[in-house]
Structure formats: structure tokens, C-alpha cells
Amino acid sequence: VQLVESGGGLVQPGSSLGLSCAASGFTFGSYAMGWFRQAPGKEREFVAGITGNSAITYYADSVKGRFTISRDNARNTVYLQMNSLKPEDTAVYYCAAARRPYQRTIAEYDYWGQGTQVTVSS
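Being a predicted model, the structure only gives us computed values, none of them experimental.

Draft legend 1. Representation of the pattern of salt bridges. Applying the stated rule across the entire model yields seven salt bridges. K64 serves as the salt-bridge partner of D61, at 3.2 Å between the closest nitrogen and oxygen. For the pair D61 and K64, one class covers both residues: exposed. Among the ionic pairs, R66 bridges to D89, the shortest N-O distance being 2.8 Å. A residue pair is termed long-range when its members are at least 10 positions apart, and R66 in the loop between β6 (57–59) and β7 (67–72) and D89 in the loop between β8 (77–82) and β9 (91–98) qualify at 23 residues. Neither R66 nor D89 differs from the other in exposure class; each is buried. Shared partners join several salt bridges into a network, and the residues in it are R37, E45, R66 and D89.

Below, the structure written as C-alpha cells:
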């Protein structure tokens, strides 16, 4: 099993950035996918999730209306589009896979990527 995130970088406040996560080694369409983030000195937190068939998405309140999660099951890839970025969005972003949908806790996710750094600073 492998999850590989890409697309992180340094951006200015108010900018947009898109992350991708390529999955392999498991039946991608059978898993809900999520994005988490971890800022320095803080615990890893849930950001966004999407069901296996893309029917339902769910977000942390802190990103609702600014971030959009999507997936392409033909490409085994999940995306996170981040708009109106704020300095407090600075973190390492991780994608993860869960057998059950609607999960927001780390323990419910079975597979994890290595993370990609997003820094929002002027």
C-alpha cells in the first residue's frame, strides 16, 4: 500500500493551492479518503473527507467554504483544492484511507501518506 502526496509549497495569504494524493496497493474505490494536517507543536487534525463514490464530502469547520476535496477513482487519486489560504493553514498535509466513511479521527484511518508541507506566509 502506498499513498503519495504532492503539490505542497510556499504561498502568500489569500492564494490557492492544490494537493494530490496518488494511491496504490488497495481497492481505492472501496475506501473513503481523508486529508489531515499537522502544524508544528500541534496534534494532527482532520481537514476533509470523501466517500468512496464521491457522493458525500465532509469538512472541518475551519476549512469549510475554502477547501474542496474530490477524487478520481479511475486515476486512484484524491485531491484537496485550498482557496483563500491563511497563515494558520500552514502545516504538513497528509492523505489517508479508511474502510468506513464519515470518519474524522486518526484511529479510523488504515493507510497514510508521508505528508507534504504547505506554508502560507507573506
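Draft legend 2. Seen up close, the packing of aromatic side chains. A complete count under the given rule lists 10 aromatic pairs for this structure. Taken together, F36, F46, Y58, Y102, Y109 and W112 form an aromatic cluster joined through their ring pairs. Over the face of the ring belonging to Y94 we find R44, whose NZ or CZ atom lies 3.7 Å from the ring centre. Positioned above the aromatic ring of W112 is the side chain of R44, whose terminal nitrogen or guanidinium carbon lies 5.0 Å from the ring centre.

Draft legend 3. Highlighting the side chain of R71. Position of R71 among the secondary structure elements: in strand β7. In this structure the side chain of R71 is engaged in a polar contact, spanning 2.8 Å, whose partner is the backbone oxygen of Y31. With sequence-adjacent residues up to four places away left out, R71 is seen in contact with F28, G29, Y31, A32, M33, I50, T51, G52, S54, T77, V78 and Y79.

Draft legend 4. Examining the environment of T68 more closely. Within the secondary structure, T68 sits in strand β7. The sequence separation of T68 and R44 amounts to 24 residues, and the corresponding C-alpha distance is 19 Å. Beyond its immediate sequence surroundings of up to four residues, T68 is in contact with Y59, Y79, L80 and Q81.

Draft legend 5. Broad picture of the side chain of T51. Relative to the helices and strands, T51 is located in the loop between β5 (45–50) and β6. Given a relative accessible area of 6%, T51 falls into the buried group. In terms of polar contacts, T51 uses its side chain to reach the side chain of N53, at 3.1 Å. Leave out the neighbours within four places in its chain, and T51 touches A32, I56, Y58, R71, P101 and Y102.

Definitions and limits used
- Residues numbered from 1 in each chain as written.
- Predicted model: local features only at pLDDT ≥ 70, side-chain atom pairs only at ≥ 80, totals over all residues.
- Heavy atoms only, no water.
- Salt bridge = Lys/Arg side-chain N within 4 Å of Asp/Glu carboxyl O.
- Buried < 20%, exposed > 50% of the residue type's maximum accessible area, 1.4 Å probe, protein only.
- Helix = DSSP H or I, 4+ residues; strand = E, 2+ residues; numbered from the N terminus.
- Phe/Tyr/Trp six-rings, centres within 6.5 Å; stacked < 30°, edge-to-face > 60°.
- Lys NZ or Arg CZ within 6 Å of the ring centre and 35° of its normal.
- Polar contact = N/O pair within 3.5 Å; in protein donor to acceptor, adjacent residues only side chain to side chain.
- Contact = heavy atoms within 4.5 Å.

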